Amino acid sequence: MDRILWADDEIDLLKPHILFLKARGYEVDTVSNGRDAIDALDANPYSLVLLDENMPGISGLETLDIINQRHPELPVVMITKSEEENIMDQAIGNRIADYLIKPVNPNQILLSIKKNLHSREIVTEQTSSDYQQEFSGLSRQINMADSVGEWMDVYRRLVNWELKLSDSGSSMSEMLLMQKRDANANFCKFVRRNYESWVTTDDHPLMSPQLFKTHVFPLLSEGEKVCFFLIDNFRLDQWKVIQPMLAEFFNVQEDLYVTILPTSTQYARNSIFAGLMPLQIATMYPQCWVEEDEDEGLNVHEEELVQTQLDRFRRKDKFAYTKINDTPGCDKFLARLSNTRDLPLQVIVLNFIDMLSHARTESKMIRELAANDAAYRSITESWFRHSSVLDIFRRLAELGYKVVLTTDHGTIRVDNPIKVVGDKNTNTNLRYKVGKSLNYNPRQVYEMHNPKTFGLPSPNLSSTYIFATNEDFFSYPNNYNYYVQYYDGTFQHGGISLEEMIVPLVKLTPKK
């Protein structure tokens, strides 16, 4: 039973209210002044305090200050006759749980108590009930989805429920995880049926090569200053947890787009910056394309690729390209921004989340900190809130930049190894393989025997690309158990899943 302390110099007039609360299962103790309230709190455990602001002796605000010092975890509901704004400000500044103005009725008191003592249980129960009611409808939508737009709607709904259930602590999270797996299995079948037509015809969704053409160049043509801000490995659920922070400076217009395959930095990001499919990059700008087995970094030509796209579209826009890997990199960019503030185009690549996913694979401590999707989101949110990246967005808003915020691909937490055998030149990615003599079970993968048909370069005449689906990851028979144990539960990219292929594309317009 929750025990409540009510401090009010007119406590005798509140007996009907007290009886009302007792009838609903609360134990209520009463005092008539602040000093007695403090003594009672020091002597007994309470769940909540109802505190009158205007009492003889020490005032309600003074009592509140002492309570906060001695019992900082205890919620205090301030009740007052005064509507003066400065008193409200002082009470709120002292971290009250709620503020009620007399005369109060019993239901107001009960609502405040429930909000402060039982909100989590109520939200959990209601959220679980709401999800159970929507479960069947969402399952039907998953089974019937047959267009990119319908799959985007499915994914949005799944992510929204994932966030709601995670925040509420609902036991329905396991059921949602099963539904997500079912959705991914159906989405992978959808991609198998349609991907070839997307990259060989004009009938396709918005994909990586079209981002600048559709979302950057029109803004530049309207005379806007534009910042194209790419966060590597950035999923829809991660965007959702940082959105409230950016909404302070920007009006937000959220959309999604579909990445090309492989959903890896070398292919998808280069495709964005060049405005071309990877095969076209390798053919037209061979100096900017790095093969899988070369020692050179796979994304060292991004600035050059942006320039080639501007040139092909006969655009004269000046731009600055910046790649940020750490906090000093953020600080350096902010320092340079004063000198480049008038450039029409800023292109920024932020690698933190990519490094986080790799660190989670390499570091046991990071694995424990990001043990599941909810923890992974939490680390992303905490990093963003406390890093200089938020300062970059704040400064871009001050300078009047419209920001196109997106990513080159997402990631998925893998937990099901499937065996593949390749020669020493086979790439190391766990979600896709390219090689000339791959040995695998074709029923477990999506195959591309003729890479050129799919807009991909072929390192050898007989090269084949294969892609993992669902939560699968590729493993080698040699040292199999160690390999599986090392990568099980890690976040990977390169293959086919909702998380990897359907990713945020957000337009941020500075608030005036």
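Below is a short write-up of the structure. Every value quoted in this text rests on a predicted model; they were computed, and no experiment measured them. (Residues numbered from 1 in each chain as written. Predicted model: local features only at pLDDT ≥ 70, side-chain atom pairs only at ≥ 80, totals over all residues. Heavy atoms only, no water.)

Describing the sheet that holds strand β4 (residues 76-80)
Okay, step 1: Taken together, five strands build an open sheet; the order of strands is β2-β1-β3-β4-β5 and the sheet is parallel. Each of the sheet's edge strands pairs with one partner strand only, and the pair in question is β2 (27-31) and β5 (98-101). Within the sheet, the average angular offset between the axes of one strand and its neighbour, ignoring direction, is 20°.
Okay, step 2: For strand β1 (residues 3-7) and strand β3 (residues 48-52), the ladder comprises four bridges, and the chain directions are parallel. Bridging across to β3, Leu 5 finds its partner in Val 49.
Okay, step 3: Against the sheet, helix α1 (residues 15-23) engages β1 and β2, with an angle of about 155° to β2.
Okay, step 4: Where helix α3 (residues 60-70) meets the sheet, it contacts β3 and β4, and its direction lies at approximately 155° from that of β3. (Pairing = 2+ DSSP bridges. Helix = DSSP H or I, 4+ residues; strand = E, 2+ residues; numbered from the N terminus. Axes fitted to C-alpha atoms, helices over the stretch in contact; angles between N-to-C directions. Contact = heavy atoms within 4.5 Å.)

Here's the deal with the layout of surface pockets
Okay, step 1: Volume-wise, the second largest pocket comes out at about 470 Å³.
Okay, step 2: Glu 162, Leu 177, Lys 180, Asn 372 and Asp 373 are the residues nearest the centre of the second largest pocket, which is lined by 21 residues in total.
Okay, step 3: Of all the secondary-structure elements, those providing two or more residues to the lining of the second largest pocket are α7 (148-168), α8 (173-200), α17 (373-386) and β11 (412-413).
Okay, step 4: Top element by residues in the lining of the second largest pocket is α8. It accounts for seven residues.
Okay, step 5: A per-class count over the lining of the second largest pocket returns five nonpolar, five polar and 11 charged. (1 Å grid on protein atoms, 1.4 Å probe; cavity = no way out; pocket = protein on both sides within 12 Å on 5 of 7 lines; lining within 4 Å. Points joined across faces, edges and corners; volume = space filled by probe spheres on them. Nonpolar A, V, L, I, M, F, W, Y, C, P; charged D, E, K, R; others polar.)

Observations concerning unusual backbone geometry
A negative phi angle characterises most non-glycine residues, just as the trans form characterises most peptide bonds.
Okay, step 1: Looking along the chain, the bond that leaves Lys 102 and enters Pro 103 is cis, with omega of 0°.
Okay, step 2: Relative to the helices and strands, Pro 103 is located in the loop between β5 and α5 (106-117).
Okay, step 3: Along the chain, Leu 261 connects to Pro 262 via a cis peptide bond; the corresponding omega equals -5°.
Okay, step 4: Along the chain, Pro 262 turns up in the loop between β7 (250-258) and α11 (265-274).
Okay, step 5: The phi torsion at Asn 233 lies on the positive side, around 60°, for a residue other than glycine.
Okay, step 6: Tracing the backbone shows Asn 233 in the loop between β6 (226-231) and α10 (236-246).
Okay, step 7: Here Asn 233 falls in the buried class, since its relative accessible area comes to 0%.
Okay, step 8: Of note, the phi angle at Asn 470 is positive, near 50°, even though the residue is not glycine.
Okay, step 9: Assignment of secondary structure puts Asn 470 in the loop between β16 (464-468) and β17 (472-475). (Buried < 20%, exposed > 50% of the residue type's maximum accessible area, 1.4 Å probe, protein only.)

Things to note about the sheet that holds strand β14 (residues 439-440)
Okay, step 1: Spatial strand order, β14-β12-β17: three strands in an open sheet with mixed pairing. A single partner strand is all that each edge strand has here, and the edge strands are β14 and β17.
Okay, step 2: In terms of strand pairing, strand β12 (residues 416-421) meets β17 through four bridges, oriented parallel. Note that in β17 the partner of Asn 416 across the bridge is Asp 472.
Okay, step 3: Against the sheet, helix α19 (residues 480-487) makes contact with β12 and β17, and its axis sits at roughly 145° relative to β17, the strand it touches most.

Comments concerning the pattern of salt bridges
Okay, step 1: In total, this model carries 31 salt bridges according to the counting rule given.
Okay, step 2: With its nearest N and O atoms 2.8 Å apart, the salt bridge here joins Asp 237 to Arg 235.
Okay, step 3: Classification of Asp 237 by relative accessible area gives buried; the value is 3%.
Okay, step 4: With a relative accessible area of 2%, Arg 235 lands in the buried category. (Salt bridge = Lys/Arg side-chain N within 4 Å of Asp/Glu carboxyl O.)

As for the nonpolar core
Okay, step 1: Tyr 195, Phe 229 and Leu 405 are the most contacted members of the largest nonpolar core, which has 105 residues in total.
Okay, step 2: Here this core gets 10 residues from one element, more than from any other, and that element is α7.
Okay, step 3: In this view, Phe 229 contacts Ile 348, Leu 350, Val 389, Ile 392, Phe 393, Leu 396, Val 403, Val 404, Leu 405 and Thr 406; residues no more than four positions away in its chain are not counted. (Core = buried A, V, L, I, M, F, W, Y, C linked by side-chain atoms within 4.5 Å.)

A short note on empty space enclosed by the protein
Okay, step 1: The full count for this structure, using the stated rule, is one cavity of 30 Å³ or more.
Okay, step 2: There is about 30 Å³ of room inside the largest cavity.
Okay, step 3: Where the lining of the largest cavity is concerned, the elements lending two or more residues are α7, α8 and α20 (498-501).
Okay, step 4: Among the elements that take part in the lining of the largest cavity, α7 stands out by supplying three residues, more than any other.
Okay, step 5: A class-by-class count of the residues in the lining of the largest cavity yields four nonpolar, one polar and two charged.

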